[in-house]
Amino acid sequence: QPRDLAGTRWRATGINNGRGAAAGLVAGTKVTLEFAADGRASGRATCNRYTAGYTASGDSLRFERPALTRMACPGPEAAAQEQAFVAALESVATARVEGERL
């Protein structure tokens, strides 16, 4: 059954590394995603907060290019993780909820 994403909050445990695998998060960092009923998604991309429009229908999910704040990351690993998350967000085409996982 498709689940309405509006009003849900998620915390990433891994991010697509662009090479067919999910990489764990850099120690001490947090990546989140919250879906609002108005078609906006927001959260923490690692070092910065972001917001992006989204459309969801059935198992189809698409995000617009996110707008991010301009905080500096504490190091290159955190900056790379943030870039990977933004790239992964922009490439989303489908979504599936399995139990407590998106």
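The notes below deal with the structure included here.

Rules and cut-offs
Residue numbers restart at each chain and count upward from 1, following the sequence in its written direction. Owing to the predicted nature of the model, reporting of local features is limited to residues with pLDDT of at least 70; listing and counting of side-chain atom pairs is limited to 80 or more, with chain, interface and lining totals taken over all residues. Remark: hydrogens and water are excluded; side-chain values derive from all non-hydrogen atoms of the structure. Defined by distance alone, a disulfide is two cysteine sulfur atoms within 2.5 Å. Numbering of helices and strands runs from the N terminus, with a helix taken as a DSSP run of H or I at least four residues long and a strand as a DSSP run of E at least two residues long. Note on exposure labels: buried denotes an accessible area under 20% of the residue type's maximum, exposed denotes more than 50%, and partly exposed covers the range between, all computed with a 1.4 Å probe on protein chains only. Residues grouped as a nonpolar core are buried Ala, Val, Leu, Ile, Met, Phe, Trp, Tyr and Cys residues, joined through side-chain atoms within 4.5 Å. Note on definitions: a residue-residue contact is assigned when non-hydrogen atoms from the two residues lie within 4.5 Å.

What the rule picks out here adds up to 1 disulfide. Cys-47 shares a disulfide with Cys-73; S-S distance 2.0 Å. Here the disulfide of Cys-47 and Cys-73 is right-handed, its torsion about the S-S bond being about 115 degrees. With a gap of 26 residues between them, Cys-47 in the loop between β5 (40–44) and β6 (49–57) and Cys-73 in the loop between β8 (67–68) and α1 (76–91) connect regions that are remote in the sequence. We classify Cys-47 as buried; its relative accessible area is 12%. Given a relative accessible area of 24%, Cys-73 falls into the partly exposed group.

What follows deals with the nonpolar core. Among the nonpolar cores identified, the biggest contains 15 residues, and Leu-33, Phe-35, Phe-63 and Phe-85 are the most heavily contacted of them. Residue assignment for this core shows that the elements contributing at least two residues are β4 (32–35), β6, β7 (60–63) and α1. Of the residues forming this core, the biggest block, 3 residues, is contributed by α1. Residues contacting Leu-33, with those up to four places away along its chain left out, are Thr-8, Arg-9, Trp-10, Ala-41, Ser-42, Tyr-50, Phe-63 and Leu-102.

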